[in-house]
Amino acid sequence: MARNSKLHADEKIVERKKGTRLFQEVLLWTLIPLLFTTMVLLIIAYVADVNVFDKAKEWSKSLPFADQKQADDEIGDDLIIEERVVELQAEIQEKEAQLFKLRENLANSEDEKRALVDEQRSLLAQIETLKMEKEDYKRDMKEIISTFEKMSAKSAAPVITKMSDAEAIEILTKLKPEILAPILEKMSPEDAAKYTSLMTK
């Protein structure tokens, strides 16, 4: 029995060796010559200055299933291009909307700028008018003060008491002390006290 199992084991080893040997023979007789032939052909192509990869592409295009694949690739490329065109058109429309909005904002800002410039001109004109009025007022006030200086105290006192307090104080503060004193003397004590009090404020 032990002998039988030993024989059986030996047979298995022999079968494995035969299987391995058979694989080695197939490898030796088919694969190695095929590799050698391929190498010789590549060397010949290199010497003949032929690009093997370009030739392989040409041959693969001429095969019937390659045409279908190429057509599918072209359809896929067309779809990709169409999608890209749609995206770019949407982007163009968005940019045009932004540009329109910027132009609108620019037009509005220009209108605002014109309005501000017009308002500035108007204000400058008003300032000039007020300056002229102030100059006229100063000149008129100088003439009025000069007139009061020439008047007698008896005539000037009743005229001043009939004026508004603001006008009276403005005239009295501009008069020289030697002219002011006699005018205040000719006023009633209440008016003289009132104007003296207002002048000190």
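Structure: above.
Attention in this report is confined to the structure presented alongside it.

As for the overall build of the protein
Then, number 1: Each helix and strand in the protein was counted, giving seven helices and zero strands.
Then, number 2: Taken from the N to the C terminus, the helices and strands of the protein come in the order α-α-α-α-α-α-α.
Then, number 3: Looking at the protein as a whole, 10% of its 201 residues are labelled buried.
Then, number 4: In the protein, of all internal contacts separated by at least 6 residues, the share reaching a separation of at least 24 is 60%.
Then, number 5: Within the structure as shown, the protein displays about 17300 Å² of accessible surface, and the carbon and sulfur contribution to it stands at 62%.

Observations regarding the packing of helix α5 (residues 165–174) against helix α7 (residues 189–200)
Then, number 1: With their axes 10 Å apart at the nearest point, α5 and α7 run at an angle of 75° to one another. The angle between α5 and α7 places the two elements in the roughly perpendicular class. Counting all contacts with α5, which are made through Asp165, Ala168, Ile169, Leu172 and Thr173, the residues of α7 involved are Lys194, Tyr195, Leu198 and Met199.
Then, number 2: Looking at side-chain class alone, the contact of α5 with α7 contains six nonpolar, one polar and two charged residues.

Focus: a nonpolar patch on the surface
Then, number 1: Where nonpolar side chains cluster on the molecular surface, the patch consists of Phe36, Met39, Val40, Leu41, Ile43, Ile44, Tyr46 and Val47 and spans about 880 Å² of accessible area.
Then, number 2: According to the relative accessible area criterion, Met39 is partly exposed, its value standing at 44%.

Quick notes on α5
Then, number 1: Within the sequence span of α5, burial applies to Ala168, Ile169, Ile171 and Leu172. Buried residues of α5, viewed axially, fall in a sector of 165°; they line one side.

A look at a negative patch on the surface
Then, number 1: Taken together, Asp77, Asp78, Glu82 and Glu83 make up a surface patch of like negative charges.
Then, number 2: Classification of Asp77 as partly exposed rests on a relative accessible area of 43%.

Focus: the pattern of salt bridges
Then, number 1: Counted according to the given criterion, the structure contains six salt bridges.
Then, number 2: The salt bridge partner of Asp118 is Arg121, with a shortest N-O separation of 3.8 Å. You can see Asp118 and its partner Arg121 sitting in helix α3 (residues 64–150), three residues apart, about one turn around the helix.
Then, number 3: Classification of Arg121 by relative accessible area gives exposed; the value is 56%.
Then, number 4: One salt bridge in this structure joins Arg139 and Asp136, with 2.3 Å as the shortest N-O distance. In this pair, Arg139 and Asp136 are both assigned in helix α3, three residues apart and thus about one turn of the helix distant.

Rules and cut-offs
- Residues numbered from 1 in each chain as written.
- Predicted model: local features only at pLDDT ≥ 70, side-chain atom pairs only at ≥ 80, totals over all residues.
- Heavy atoms only, no water.
- Helix = DSSP H or I, 4+ residues; strand = E, 2+ residues; numbered from the N terminus.
- Buried < 20%, exposed > 50% of the residue type's maximum accessible area, 1.4 Å probe, protein only.
- Contact = heavy atoms within 4.5 Å.
- Areas by Shrake-Rupley, 256 points an atom, 1.4 Å probe, with all protein chains shown as cover.
- Axes fitted to C-alpha atoms, helices over the stretch in contact; angles between N-to-C directions.
- Parallel < 35°, antiparallel > 145°, perpendicular 65-115°, else oblique.
- Nonpolar A, V, L, I, M, F, W, Y, C, P; charged D, E, K, R; others polar.
- Patch = residues over 30% accessible without salt bridge, like charges linked within 9 Å, V, L, I, M, F, W, Y side chains within 5 Å.
- Salt bridge = Lys/Arg side-chain N within 4 Å of Asp/Glu carboxyl O.
- Arc of directions from axis to C-beta.
- Lys, Arg positive; Asp, Glu negative; His and termini not counted.
- Charge placed at Lys NZ, Arg CZ, Asp CG, Glu CD.

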